[in-house]
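Survey of secondary and tertiary structure
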Amino acid sequence: DVHHFFGLFLNWGFYLLLFDWGITTGCGITTAAATAAADVGSKPVSVNYHFHRVCNYSCGFCFHTAKTSNKLDLSAAQRGLRLLRDAGMRKINFSGGEPFLHAAHLGEMVRYCKQDLGIESVSIVSNGSLITEDWFVSYGEHLDILAISCDSFDDETNILIGRGARGRRAEPQTSVVERIRDLCEAYGVRFKLNTVVCRHNWAEDMSTHIARLRPCRWKVFQALPLQGENIGPDSKRDVTDFLITDDQFSSFLDRHKHVTALVPESNETMINSYLILDENMCFLNCTQGGKLPSPSILSVGVHAALLAAGFDEDMFQARKGIYDWTRGAAPTDSQKQEQEESDHDHDHD
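Residues numbered from 1 in each chain as written. Predicted model: local features only at pLDDT ≥ 70, side-chain atom pairs only at ≥ 80, totals over all residues. Heavy atoms only, no water.

**Observations regarding the nonpolar core**
If you look at the biggest cluster of nonpolar residues, it comprises 64 residues, and the most contacted ones within it are Y49, L81, I92, F94, L146, L193 and W218. Not counting residues within four places of it along the chain, the set of residues in contact with I92 comprises V47, Y49, L81, C113, I119, S121, V122 and S123. Grouped together as the second largest cluster of nonpolar side chains are 17 residues, F61, I161, F242 and C286 included. (Core = buried A, V, L, I, M, F, W, Y, C linked by side-chain atoms within 4.5 Å. Buried < 20%, exposed > 50% of the residue type's maximum accessible area, 1.4 Å probe, protein only. Contact = heavy atoms within 4.5 Å.)

**Description of the packing of aromatic side chains**
Applying the stated rule across the entire model yields 11 aromatic pairs. A ring pair is formed by W135 and F136, whose centres lie 6.0 Å apart and whose planes are at 85°; its orientation type is edge-to-face. Classification of F136 as buried rests on a relative accessible area of 2%. Clustering of aromatic rings is evident, with ring pairs tying together F100, W135, F136, Y139 and Y187. Stacked on the ring of Y323, the Lys or Arg R217 has its end atom at 3.6 Å from the ring centre. Looking at R319, its charged tip hangs above the ring of Y274, at a distance of 3.6 Å from the centre. (Phe/Tyr/Trp six-rings, centres within 6.5 Å; stacked < 30°, edge-to-face > 60°. Lys NZ or Arg CZ within 6 Å of the ring centre and 35° of its normal.)

**Overview of helix α6 (residues 173-187)**
Helix length check: α6, at 15 residues, gives a terminal C-alpha distance of 21 Å against a target of 21 Å (1.5 Å per residue), a fit within 8%. Buried within α6 we find Q173, T174, V176, V177, I180, R181, L183 and C184. Where α6 is buried, its residues meet α4 (133-139), β4 (145-149), α5 (155-161), β5 (190-197) and α7 (207-213). Immediately downstream of α6, the backbone of G188 shows phi near 70°, a positive value. (Helix = DSSP H or I, 4+ residues; strand = E, 2+ residues; numbered from the N terminus. Expected span 1.5 Å × (residues − 1).)

**Some words on the environment of S273**
Checked against the element boundaries, S273 lands in the loop between α9 (267-270) and β8 (276-277). By relative accessible area, which is 0% here, S273 ends up buried. Between the C-alpha atom of S273 and that of G310, which follows or precedes it by 37 residues, the distance is 8.7 Å. For S273, the residues in contact, after removing those within four places along its chain, are F311, D312, M315, F316 and R319.

**Examining a nonpolar patch on the surface**
Together, V54, L101 and L130 make up a nonpolar patch on the protein surface, roughly 200 Å² of accessible area in all. Inspection of the secondary structure assignment puts L101 in the loop between β2 (91-95) and α3 (103-116). (Patch = residues over 30% accessible without salt bridge, like charges linked within 9 Å, V, L, I, M, F, W, Y side chains within 5 Å. Areas by Shrake-Rupley, 256 points an atom, 1.4 Å probe, with all protein chains shown as cover. Salt bridge = Lys/Arg side-chain N within 4 Å of Asp/Glu carboxyl O.)

**Quick look at the pairing of β2**
Counting buried positions along β2 yields five of five residues, so the element is predominantly enclosed. The alternating pattern of β2 places K91, N93 and S95 on one face and I92 and F94 on the opposite face, and all of these are buried. For strand β1 (residues 46-50) and β2, the ladder comprises five bridges, and the chain directions are parallel. Its bridge partner being in β2, S46 is matched across the sheet by K91. Between the parallel pair β1 and β2, the chain is carried across by helix α2 (residues 74-86), and the sense of this crossover is right-handed. Relative to strand β3 (residues 121-126), β2 runs parallel, the two being bridged by four bridges. Bridging from a neighbouring strand, F94 pairs with I124 of β3. Taking the sense of rotation as the criterion, the β-α-β connection linking β2, α3 and β3 turns out right-handed. (Pairing = 2+ DSSP bridges. Right-handed = clockwise from strand over helix to strand, strands pointing away.)

**Observations regarding the pattern of salt bridges**
In total, this model carries 15 salt bridges according to the counting rule given. For D86, the salt bridge goes to R85, with nearest N and O atoms at 2.8 Å. Judged by relative accessible area, which is 25%, R85 ranks as partly exposed. Sharing partners across several salt bridges, the network here consists of R53, E229, E279 and K291.

**Points about the confidence of the model for the protein chain**
With 81% of its residues at a pLDDT of 70 or more, the protein chain has an overall mean of 85. Across residues 1-41, confidence stays below pLDDT 50; counting only partners more than four residues off in sequence or on other chains, it has 46 contacts. A low-confidence stretch, residues 342-349 stays under pLDDT 50, and its non-local contacts, those more than four residues away or across chains, total three contacts. (pLDDT = per-residue confidence, 0-100.)

**Quick look at the side chain of S149**
Along the chain, the position of S149 falls in strand β4. Apart from the residues within four sequence positions on either side, S149 is in contact with V125, S126, N127, R163, Q173 and N194.

**Considerations on the pairing of strand β9 (residues 282-285)**
Neither face of β9 is exposed, since C282 and L284 on one face and F283 and N285 on the opposite face are all buried. In terms of strand pairing, β9 meets strand β10 (residues 292-296) through three bridges, oriented antiparallel. Bridge pairing links N285 to L292 in β10. Connecting the antiparallel pair β9 and β10 is a turn made up of six residues, with G289 showing a positive phi of about 90°.

**Some words on the environment of C55**
Looking at where C55 falls in the secondary structure, it is placed in the loop between β1 and α2. Residue C55 is classed as partly exposed on the basis of its relative accessible area of 35%. Spatially, the C-alpha atom of C55 lies 7.5 Å from that of L101, the residues being 46 residues apart in sequence. Aside from chain neighbours lying at most four places away, what touches C55 is G97, E98, L101 and N127.

Written out as C-alpha cells, the structure is:
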C-alpha cells in the first residue's frame, strides 16, 4: 500500500545517504571477511540467495514463505552473482522455497558460479524430494555441498511438521535423505543435514541416524518466529504451535553434544548472522524481527545494499560461518573416528 511504499522509500534514501557518508569519511560496516589477514570494509563473504519463494512442502515453521512467485531470469541472476563475486563473495548458497522446482535454472547458476566466476564454494539447501541423478550428471561437478532438510527420523513426525507428503506414491523424507546421501557420495559432493527443532521433535534422539548418514555438518536450528513470514496478520504461516523454549532447545543439544558434526543455532545466533538475498536480489534485514528489504544490488550495487542488511559479523564468526566448505575438504580427525565407530557398530548389527 501507499504507506508501506513510502516507508521503504524513506529507508532506501537513508541507506543511500549513509553509504555516501561512508565513502567520504572512510567509515563502513565490516562483514565476514574472516581470513588470516582480515579484509577492510564490507565484503559479502558468504551469501544465501533465496532465488524464489515457492515450495512443494508446507512446513509449519517456515520463515521464508511464498509471498511472491517472482524469479529473476538467468541473465539478471548471473549479473547479480558477478557483482557479488567482484565485491568479495567466496561462498554462495542457493535456497528457496524449494530450489529444485527450477532445477535447470538452478543448475545453470551453479555451473556459472563455479565454472565462470570461480566461486570458492557453491552449495544448495533443499528438501531433496525433487532431486534426480540426471541433475547430478549435468551439474554435480560444479557443486561443493548439498544440504538436505530433515527434522525427524520418524516419517509421521515429518508429515506432522509439513516436511513431506502423504499418499501411496509419496517418498518418505527419511528415504529422501538416504537417497541424496548416496548420490552425494557417488558424485563427490559433500553431504550436509539441516534440522529445525520444534515442539514436535525436540525430545527425539537422532544420534544413531546422524552417525549412519555421516554429514560433513549437521546444522540444528531453533524454530524461529519472524513477523510477516510465520507470525502476525500478514504471514503465510503460524509458527505458534511449533515454538519451543530455550530450555527445550538446550535439552535437544545436550542429547546430541557428542555428535562431532553438530553446529547449533539458537534464535539469537541465527537471526542476524546470515546475509540473505531475496528473489529480487535485495538483502533482508531481520534486526527488527521481520524482513526489511534493502535496495536491490542490481540497482545500487552490493556495497550500498549491504549497509541495509543488518548483518552481525561477530555472530557469523561465533556460529562458525567460515569452515572447510569446498568439495575437496578432508574430514577432521574426530569425523574419521566417528566413522570408524559407526562402521564397527554396523559390523555387529
